[in-house]
Amino acid sequence: MLKILHTGDIHLDSPFARLDADRARKRREELRAAFSAMIAYARGSAVDLVLMAGDIFESEFVTRQTEEILLRELSRLSCPVVIAPGNHDCASPDSIWMRDIFPDNVYIFRTPEITKFSFDHLNTDVYGYAFTSPEMTVSPLCGRRVQDPTRINLLCAHGDTSSPISRYAPLTRADLSGFGADYAALGHIHNPGVIECRDRTVSAYCGCLEGRAPDETGPKGAVVAEISKQGTTATVRAGRIRFSRRRYENGTADCTGAVTLGDIETAIHHAITAGGYGEDTLLRLTLSGAVDPALIVDTDALRDRISGVFSLEITDSTLPALRAEDFENDRTVRGEFYRSLLPMIENGTPRERRIAAAALRRGLAAISGDN
């Protein structure tokens, strides 16, 4: 039986630009720590082979220190490591992948054409290719097939199965099935779906090692797969393991009936507790519900008052709780102001409704002398 660790989309030295400088620096350190923890797992878990399916780092931001960490960690592994550079760390002529600095157990694809590395002691062939520029508009698998179906055949590749016209190595289901790999270790999609089996080929995206933005939600990590083969029939068991230090999550706080910022703060704390969010969470929270018309929701003040999560981003989507009888017959400027904004509050786009609601609150506060 062959045991592999399948990783990729690590993006070492990502800038984490949505965070303040201190949190961004901490997240870069945690990303390196997650990488080291993953390598330690491989060392201690009898992994026979590590497959790294591209975007190991960000070429635009990578530092010498990170290069040294990468080389140090890979040298600690006794098993082979196969790397297929992706669109963010492509094997351009001046890239790290073209330098003779890697330990002897590291094997790197350096051309856009599909080639293979053979590991006879594992009865395994690993096929793959490299991005040599940030884009690859044709499928390297088209018309290709593994050479010896009796060996364990693996594909280590950075590519996009979501669109046949992708600029990032479009890999169709037909390409993957026709190629005939027993396991396709893919990179590029950061929020992976289920591990697929189609025409005897099991394929999986490993997902990113750490979420870097609110659209990369949930715990992240790598795939561990065990493969055995009799004749030309392979049996694959695969699952994901978390290595991420933190997770991005999106949540909603129902603020219906709130009259003060304290009421909204209570609703936020309830949402954090109910969602199981904690210090490992970078939370993007949307405030919803109908609140007092005169309540001005200061999201900056709320963010500064809330603890319990690593990072909090608040979007106000509440609407004023309007009682028609309070305004419809009001012939003062207050009533006219209300009636002018009501159509947009009731029928506008989500953005228009938010703007109109904010304008109504501030206008009412100004009219009453509270602003």
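The structure this text deals with has already been given above.
Residues numbered from 1 in each chain as written. Predicted model: local features only at pLDDT ≥ 70, side-chain atom pairs only at ≥ 80, totals over all residues. Heavy atoms only, no water.

Draft legend 1. Focus on the overall build of the protein chain. Across its full length, the protein chain holds eight helices and 17 strands. In summary, the protein chain has a C-alpha radius of gyration of 26 Å against a globular reference of 21 Å for 371 residues, an excess of more than 25%. Overall size of the protein chain, expressed as C-alpha extent along the three principal axes, is 85 × 40 × 35 Å. Across the 371 residues of the protein chain, 51% fall into the buried class. Of the contacts formed within the protein chain by residues at least 6 apart in sequence, a portion of 71% connects residues at least 24 apart. Counting only carbon and sulfur atoms, one obtains 48% of the accessible surface of the protein chain, whose full area is about 16800 Å². Across the protein chain, the centroid of the 43 positively charged side chains sits 3 Å from that of the 51 negatively charged ones. (Helix = DSSP H or I, 4+ residues; strand = E, 2+ residues; numbered from the N terminus. Rg over C-alpha atoms; globule rule 2.2 N^0.38 Å. Buried < 20%, exposed > 50% of the residue type's maximum accessible area, 1.4 Å probe, protein only. Contact = heavy atoms within 4.5 Å. Areas by Shrake-Rupley, 256 points an atom, 1.4 Å probe, with all protein chains shown as cover. Lys, Arg positive; Asp, Glu negative; His and termini not counted. Charge placed at Lys NZ, Arg CZ, Asp CG, Glu CD.)

Draft legend 2. Structural detail: the side chain of Glu210. Mapping Glu210 onto the fold places it in the loop between strand 10 (201-205) and strand 11 (221-230). At 3.1 Å, the side chain of Glu210 forms a polar contact with the side chain of Arg27. When near neighbours in sequence (up to four residues on either side) are disregarded, Glu210 contacts Arg27, Glu30, Leu31, Ala34, Glu216, Lys220, Phe243, Ser244, Arg245 and Arg246. (Polar contact = N/O pair within 3.5 Å; in protein donor to acceptor, adjacent residues only side chain to side chain.)

Draft legend 3. Seen up close, the pattern of salt bridges. All told, the structure shown has 25 salt bridges when counted by the stated rule. As a salt-bridge pair, Asp120 and Arg151 come within 3.0 Å of each other at their nearest N and O atoms. One end of the pair, Asp120, is in the loop between strand 5 (115-119) and strand 6 (124-128); the other, Arg151, is in the loop between strand 6 and strand 7 (152-158), with 31 residues separating them in the sequence. One salt bridge in this structure joins Arg237 and Glu226, with 2.5 Å as the shortest N-O distance. Here Arg237 is found in strand 12 (residues 233-242), whereas its partner Glu226 is found in strand 11, with 11 residues between them in sequence. A network of salt bridges, in which partner residues are shared, links Arg27, Glu30, Glu210 and Arg246. (Salt bridge = Lys/Arg side-chain N within 4 Å of Asp/Glu carboxyl O.)

Draft legend 4. Local environment of the pairing of strand 5. Where strand 5 and strand 6 come together, five bridges link them in antiparallel fashion. The residue bridging Ser118 from the neighbouring strand is Asp125, located in strand 6. Hairpin geometry of strand 5 and strand 6 is characterised by an intervening segment of four residues between the two adjacent antiparallel strands and by a positive phi of about 55° at Asn123. (Pairing = 2+ DSSP bridges.)

Draft legend 5. A look at the packing of helix 1 (residues 21-44) against helix 2 (residues 64-75). Contact pair helix 1 / helix 2: the axes reach a minimum separation of 10 Å and the direction vectors enclose 10°. The angle between the axes of helix 1 and helix 2 places the two elements in the roughly parallel class. Contacts between helix 1 and helix 2 involve Arg32, Phe35, Ser36 and Ile39 on the former and, on the latter, Gln65, Thr66, Ile69, Leu70, Arg72 and Glu73. Across the contact of helix 1 with helix 2, the residue classes break down as four nonpolar, three polar and three charged. (Axes fitted to C-alpha atoms, helices over the stretch in contact; angles between N-to-C directions. Parallel < 35°, antiparallel > 145°, perpendicular 65-115°, else oblique. Nonpolar A, V, L, I, M, F, W, Y, C, P; charged D, E, K, R; others polar.)

Draft legend 6. Up close: unusual backbone geometry. The backbone phi angle of Asp13 is positive, close to 70°, even though this residue is not glycine. Within the secondary structure, Asp13 sits in the loop between strand 1 (2-7) and helix 1. Overall, the relative accessible area of 5% leaves Asp13 in the buried class. Of note in this structure, Asn123 is not a glycine but carries a positive phi near 55°. Inspection of the secondary structure assignment puts Asn123 in the loop between strand 5 and strand 6.

Draft legend 7. Molecular detail of the nonpolar core. One finds Trp97, Leu154 and Tyr183 to be the most contacted residues of the largest nonpolar core, which totals 60 residues. A total of seven residues in this core trace back to one element, the largest contributor, which is helix 1. Among all residues touching Tyr183, those that are not within four sequence positions of it are Ile4, His6, Asn153, Leu154, Leu155, Val202, Ala204, Val223, Ala225, Ile227 and Val236. In terms of nonpolar packing, the next biggest core, distinct from the first, is built from 21 residues, Leu261, Tyr277, Val291 and Ile314 among them. (Core = buried A, V, L, I, M, F, W, Y, C linked by side-chain atoms within 4.5 Å.)

Draft legend 8. Representation of the sheet that holds strand 16 (residues 311-316) in the model. Taken together, three strands build an open sheet; the order of strands is 13-14-16 and the sheet is parallel. Either end of the sheet is taken by a strand with one partner, and the two such strands are strand 13 (247-254) and strand 16. With direction set aside, neighbouring strand axes in the sheet form an average angle of 20°. Here strand 14 (residues 281-288) runs beside strand 16; their pairing, made up of six bridges, is parallel. Looking at the pairing, Arg284 lines up with Glu313 of strand 16.

Draft legend 9. Examining helix 4 (residues 261-275) more closely. Between its first and last C-alpha, helix 4 extends 21 Å over 15 residues, near the 21 Å set by a 1.5 Å rise per residue. Elements in contact with the buried residues of helix 4: strand 13, strand 14, helix 5 (299-305) and strand 16. (Expected span 1.5 Å × (residues − 1).)

Draft legend 10. Spatial organisation of the packing of aromatic side chains. Summed over the entire model, instances satisfying the criterion amount to seven aromatic pairs. Measuring from centroid to centroid gives 5.3 Å for Phe57 and Trp97, while their planes differ by 25°, and the two rings are stacked. Highlighted residues: Phe57 in the loop between strand 2 (49-52) and helix 2 and Trp97 in the loop between strand 3 (81-83) and strand 4 (106-108), separated in sequence by 40 residues. When its relative accessible area of 5% is taken as the criterion, Phe57 is described as buried. (Phe/Tyr/Trp six-rings, centres within 6.5 Å; stacked < 30°, edge-to-face > 60°.)

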